[in-house]
Amino acid sequence: MKRILFLVLLLTFGWSTYTQASHLMGGEITWECFKTGPNSGKFQFKVKLYRDCNGVQGPGALTLSTNAPGWGGGIPCALQTQTDISPVGPGCPTCLNPQGYANAVEEFVYLSAPINITGVPPAGGWYFAYTDCCRNGAITNLAAGSGWFTLRAIMFPYNATNTNPCYDSSPQFAERPQLSTCTGNTTSYNHNAIDTDLDSLVYDWGRPLDNTPFPGSTTNYPYNPNYTYNSPLPGPAQNAGNIAAVMNPINGVVTFTSFTAGAFVTVTKVTAYKCNIKVAEVYREIQIALIAGCIISPVLGNNTPPDVTDALLNPISQIIDTVYAGDTVELDLFGQDFEAQAPGAAPLVFQQIALSATGPMFGTNFTNEAAGCPYPPCAVINSFTNQPTGLMDTVPPIAPKFFPGFISFRFRWITDCNHLDKTLGCITAKSVYNFVFKVFDNFCPSPAVNFNTLTIVVLAPPPVGGARMKCADVLPNGNVNLTFLPPVDTGEADTNQFFKKFYVYRSATGTAGPYSLIDSLEGFKITNYDTVITYLDGTANANAGSVSYYLTTRSGCDILDREISDTISTIYLNVTQVGTDASLSWTPLMTPLNSSTTGKYYIYRESPPAGSGIWSLIDSTTSLTYLDPVAVCDDSINYQIRVRDTSVANCTSRSNINGAQLQSAIPNITSPSLRCVSVLTNGDIQLNWVGSIDTAQYFSGYTIYQATNPAGPFTNIGFVSNSNANTFTHVGANGQTTIN
């Protein structure tokens with residue numbers, strides 16, 4: 001497009017025209033499955049026919065032929081609307097005055113009553129077809145045939161599911177067909193099929209069909225030399241300057257450049273896949289007129305499409321943006337066209353431009369984010385201050401609204417988990433949406449159009465990883481305090497943004513399970529990846545046995561498998577006496593122990609008697625058993641096992657407290673040897689002896705007995721509690737006068 005105009009005398013050039021013999025230029029068959037309301041579970045079929053306004057009228061009603069059970073007589077469809085969709089502009093052809101142009105077109109829309117179809121389609125599908133006569137006679141790319149015209153759509157089986165009630169709608173074409181373009185321009189157009197079930201769509205060229213009935217005797221319509229069904233528009237074989245048409249299989253954009261004029265039949269096939277299973281094929285056949293002579297003046301040359309750019313003035317044609325559900329997509333667009341009007345207009349009378357937008361998720365009137373699309377939030381078109389633009393007509397019958405030279409608008413869509421495929425029986429972590437912004441001028445006989453396709457790929461956010469389990473601490477009452485850290489951020493996703501909650505699972509029968517969901521943790525923010533999180537299980541009863549736990553992480557759209565933490569178990573300690581040892585055995589905390597621990601189990605012993613509360617570390621081990629020699633004659637002793645985690649969690653896993661009544665072996669202690677008895681000057685008597693062997697280990701005390709007769713009786717006169725003492729003084733013994 002040229003932004004600068006020179007003052008020139010506009011010359012009038014003749015338009016190329018075509019003479020058509022009949023009326024059919026194209027059409028399509030689609031269906032809708034009602035999932036709510038009084039017709040829930042029923043199909044409604046829609047047929048669109050495009051009539052050349054230079055020919056005869058379209059039918060007042062029609063019947064679809066089908067092999068679907070119960071409808072052998074066909075599915076009747078009644079005419080609903082009849083709309084002139086010819087180009088709009090001063091001097092453009094209309095159905096009232098087609099002027100012999102092939103882009104004077106009328107659209108007929110037919111609907112069936114809501115119907116049930118009971119059964120499962122065969123592998124080849126159920127077909128729905130309409131055949132009529134006749135095609136236009138002046139078609140450039142088709143060879144001589146019968147002139148018959150056949151539309152079709154096919155419904156395929158999905159996992160042997162009965163179609164009563166229905167479960168799937170076919171793709172629908174949101175854009176009206178591109179009827180014409182001027183030769184010499186690079187043209188892009190998009191039929192923009194949408195699927196309300198969020199099935200995956202694939203675009204391809206289809207074959208125009210001849211003859212009737214479908215499908216038995218229907219044949220592919222023959223092409224003239226150098227044209228084929230997948231190369232139906234002029235290419236280098238017709239003119240070295242031509243660039244053959246290419247169709248994007250993902251968004252359906254067709255791009256070509258042609259200097260060859262004529263009328264060309266094209267068929268676009270759209271295949272819908274539900275969970276990678278083909279469920280529908282719909283076909284749009286349309287005749288596109290390539291019109292020569294779209295000249296403004298010898299100096300300015302051909303009329304060209306409006307420019308459409310982003311805020312940085314970069315040309316826009318096809319944009320693919322991949323986002324995670326929850327992201328907001330905003331795109332500022334500018335359209336401009338300062339070319340002059342058609343020949344005969346005053347030099348300073350400029351063209352006007354209009355905007356048309358289609359897409360599966362636009363809200364009501366393109367302004368309502370909460371309603372109007374299948375799965376809100378809806379996409380909107382606003383001004384740069386987020387106010388309605390008024391650029392498009394929203395009240396039927398819809399007509400373009402033209403503006404002098406320049407328009408601007410902002411596309412905005414807050415994506416959501418609602419925008420991912422909801423098909424039962426499979427998981428779809430990606431959905432593709434195509435939004436088409438068509439900016440066109442009012443140049444006649446064929447307005448120049450700039451199709452801009454924004455493809456938004458909505459991905460399910462990647463699952464946030466599993467929690468990092470650190471400690472399982474058994475409290476004296478048997479409750480368990482779990483300590484863990486959030487998942488480590490991989491850099492692929494924002495844990496805080498996509499995290500939803502943790503689910504806590506517990507097993508009292510070992511690490512192999514079964515596990516039961518006991519609780520969920522939510523309502524908090526993960527401020528960083530070293531946030532210490534604790535959970536108290538008040539019904540664990542971990543004094544009766546080991547209790548195992550794991551956590552799952554709910555995140556994103558929760559349609560992918562939840563990440564699972566490592567399993568952690570409470571340490572359950574059992575103490576018995578084996579020989580002269582206390583035998584300790586316990587269950588593992590984790591196998592192996594976390595790298596953030598010291599890698600050891602620490603053994604603590606309570607000073608007797610049990611319940612004293614005085615604990616001492618006696619040893620550590622990497623084993624799950626330990627022998628502690630008994631050092632008491634007969635007493636109750638408790639033990640506990642502990643594991644220390646040295647990460648930022650800084651926690652300790654303690655076992656239950658367990659003990660036993662322990663006894664040492666009966667010692668073989670020799671009697672003390674009395675060596676000397678001395679009478680002191682004051683009459684007291686002093687005893688000296690040699691202590692017993694191993695007295696220090698097993699010693700309790702020496703008891704002193706005295707008698708005045710070797711035969712007794714003996715009387716307890718004292719006690720020595722110090723094992724190192726070897727003397728005792730009998731005070732008041734009166735040893736000077738009494739024999740002791």
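Along every chain, residues carry numbers that run from 1 in the direction the sequence is written. The predicted nature of this model means local features are confined to residues of pLDDT at least 70 and side-chain atom pairs, given and counted, to a pLDDT of 80 or more, with totals for whole chains, interfaces and linings taken over all residues. Processing note: side-chain calculations cover all non-hydrogen atoms of the structure and skip hydrogens and water entirely.

**As for the overall build of the protein**
Every helix listed is a DSSP run of H or I at least four residues long, and every strand listed is a run of E at least two residues long, numbered separately from the N terminus. When helices and strands are counted, the protein shows 2 helices and 50 strands. Taken over C-alpha atoms, the radius of gyration comes to 46 Å for the protein, far larger than the 27 Å a tight globule of 740 residues would show. Dimensions along the principal axes, computed over C-alpha positions, put the protein at roughly 160 × 65 × 45 Å. Between buried and exposed lies partly exposed: a residue is buried under 20% and exposed over 50% of the maximum accessible area for its type, with that area taken using a 1.4 Å probe on protein chains only. Burial statistics for the protein: of 740 residues in total, 50% are counted as buried. Between two residues, a contact is recorded if the distance between any of their heavy atoms is within 4.5 Å. A fraction of 68% describes how many contacts in the protein between residues 6 or more apart in sequence connect residues 24 or more apart. Surface accessibility in these figures is a Shrake-Rupley result with a 1.4 Å probe; residues are shielded only by whichever protein chains are displayed. Of the roughly 31900 Å² of accessible surface on the protein, 53% is carried by carbon and sulfur atoms. Of the side chains in the protein, 35 bear a positive and 50 a negative charge, and the two mean positions are spaced by 3 Å. Only C-alpha atoms enter the radius of gyration; for comparison, a globular chain is expected to reach 2.2 Å times N to the power 0.38, where N is the number of residues. Residues scored as positive are Lys and Arg, those scored as negative are Asp and Glu, and His as well as the terminal groups of each chain are ignored. We put the charge of a Lys on NZ, of an Arg on CZ, of an Asp on CG and of a Glu on CD.

**Remarks on the packing of aromatic side chains**
Ring geometry is summarised as follows: Phe, Tyr and Trp rings, the Trp one being its six-membered ring, pair when their centres sit within 6.5 Å, and such pairs are stacked at plane angles under 30 degrees, edge-to-face over 60 and tilted between the two. By the definition in use, this model includes 26 aromatic pairs. Taking 5.9 Å as the distance between ring centres and 50 degrees as the angle between the ring planes, the aromatic pair formed by Trp31 and Phe128 counts as tilted. Placement of Trp31 in strand β1 (residues 24-33) and of Phe128 in strand β6 (residues 126-133) is noted, with a sequence separation of 97 residues between them. One aromatic cluster in this structure is built from Phe362, Phe366, Phe409, Phe411, Trp413, Tyr433, Phe435 and Phe437. Consider the ring centre and the ring normal. A charge sits over the ring if Lys NZ or Arg CZ is within 6 Å of that centre and within 35 degrees of that normal. Directly above the aromatic system of Tyr283 lies the positively charged group of Arg152, at a separation of 3.8 Å from the ring centroid.

**Some details on the state of the cysteines**
For this text, the term disulfide refers to a pair of cysteine sulfurs within 2.5 Å. Applying the stated rule across the entire model yields 8 disulfides. Put simply, Cys133 and Cys134 are joined by a disulfide, and their sulfur atoms are 1.6 Å apart. One disulfide, between Cys133 and Cys134, carries an S-S torsion of 60 degrees and so falls in the right-handed class. Note on Cys134: relative accessible area 24%, which makes it partly exposed. This cysteine, Cys77, is not joined by any disulfide, and Cys166 carries the nearest cysteine sulfur, 16 Å off.

**Some thoughts on the sheet that holds strand β28 (residues 430-441)**
Read from one edge to the other, the open sheet built from 5 strands follows the order β22-β29-β28-β24-β26, with strand pairing classed as mixed. The strands lining the two open edges of the sheet, one partner per strand, are β22 (318-324) and β26 (403-404). Pairing geometry for strand β24 (residues 352-358) and β26, over 2 bridges, is antiparallel. If you follow Gln352 over to β26, its bridge partner there is Pro404. Only strands that DSSP links by at least two bridges are regarded as paired with each other.

**Observations concerning the nonpolar core**
Within the largest apolar cluster, 58 residues are counted, with the highest numbers of intra-cluster contacts made by Phe43, Phe45, Leu49, Leu64 and Phe128. Sort the elements by how many residues they give to this core and strand β18 (residues 277-291) lands first, with 5 residues. When near neighbours in sequence (up to four residues on either side) are disregarded, Phe43 contacts Trp31, Glu32, Cys33, Ala113, Pro114, Ile115, Ile117, Met155, Thr163, Cys166 and Asp168. Judged by nonpolar contacts, the second largest core, of 40 residues, contains Ala582, Val632, Ile637 and Ile641. Note on terminology: a nonpolar core comprises buried Ala, Val, Leu, Ile, Met, Phe, Trp, Tyr and Cys residues joined through side-chain atoms within 4.5 Å.

**Here's the deal with the sheet that holds strand β42 (residues 625-629)**
Read from one edge to the other, the open sheet built from 3 strands follows the order β38-β39-β42, with strand pairing classed as antiparallel. Every interior strand has two partners, whereas the edge strands, β38 (573-578) and β42, have only one. Direction aside, neighbouring strands of the sheet carry axes that sit 20 degrees apart on average. Bridge analysis of strand β39 (residues 581-586) against β42 gives 5 bridges, and the strand direction is antiparallel. Residue Ser585 lies in a different strand from β42, and its bridge partner there is Thr625. Between the N-to-C directions of two axes lies an angle of 0 to 180 degrees, each axis being a line fitted to C-alpha atoms and, for a helix, fitted only over the stretch in contact.

**Quick notes on the pattern of salt bridges**
A side chain of one charge can pair with a side chain of the opposite charge if their charged atoms are brought near each other. Any Lys or Arg side-chain nitrogen found within 4 Å of a carboxyl oxygen on Asp or Glu counts as a salt bridge. Inspection of the entire model under this criterion finds 19 salt bridges. In this structure, Glu330 and Arg412 form a salt bridge, with 3.0 Å as the shortest nitrogen-oxygen distance. With Glu330 in strand β23 (residues 328-336) and Arg412 in strand β27 (residues 406-414), this residue pair connects regions lying 82 residues apart in the sequence. Note that Arg554 and Asp558 form a salt bridge whose closest N and O atoms lie 3.5 Å from each other. Each of Lys48, Glu107 and Arg176 takes part in salt bridges that share partners, so that together they form one network.

**Describing the pairing of β6**
The buried count for β6 comes to 7 of 8 residues, which makes it a mostly enclosed element. Bridging between strand β3 (residues 61-66) and β6 involves 2 bridges; their strand directions are antiparallel. Its bridge partner being in β6, Thr66 is matched across the sheet by Phe128. By the bridge criterion, 8 bridges tie β6 to strand β7 (residues 148-155) in an arrangement that is antiparallel. Across the sheet, residue Thr131 finds its bridge partner in β7, namely Thr150.

**Regarding the side chain of Asn594**
With respect to the element layout, Asn594 can be found in the loop between β39 and β40 (601-606). Of note is the side chain of Asn594, whose polar atom sits 2.7 Å from the backbone oxygen of Met469. Once residues within four sequence positions are removed from consideration, Asn594 is found in contact with Met469 and Lys470. As used in this structure description, the phrase polar contact means that two N or O atoms lie within 3.5 Å; if the pair is within protein, one of them must be able to donate a hydrogen and the other to accept it, and residues adjacent in sequence are counted only when both atoms belong to side chains.

**Structural notes on the confidence of the model for the protein**
Taken residue by residue, the protein gives an average pLDDT of 88. The fraction at 70 or more is 92%. Per-residue confidence from the prediction method is given by pLDDT, with values spanning 0 to 100. Low pLDDT (under 50) marks residues 1-21, which in the prediction has 73 contacts with non-local residues, meaning those over four places away or in another chain.

**Focus on unusual backbone geometry**
With an omega of 15 degrees, the peptide bond between Cys444 and Pro445 qualifies as cis. Along the chain, Pro445 falls in the loop between β28 and β29 (449-459). Cis geometry is adopted by the peptide bond preceding Pro514, which originates at Gly513 and carries an omega value of 10 degrees. Residue Cys275 is not a glycine yet carries a positive backbone phi of 55 degrees. Among the structural elements, Cys275 can be located in the loop between β17 (262-274) and β18. Phi at Asn276 takes a positive value of approximately 70 degrees, unusual for a residue other than glycine. Its location among the elements puts Asn276 in the loop between β17 and β18. A relative accessible area of 76% means that Asn276 is categorised as exposed.

**As for the side chain of Glu107**
Mapping Glu107 onto the fold places it in strand β5 (residues 105-112). For Glu107, a relative accessible area of 4% translates into the label buried.

**A short note on the environment of Ala123**
Structurally, the position occupied by Ala123 is in the loop between β5 and β6. Residue classification places Ala123 among the exposed residues on the basis of a relative accessible area of 72%. Beyond its immediate sequence surroundings of up to four residues, Ala123 is in contact with Phe156 and Pro157.

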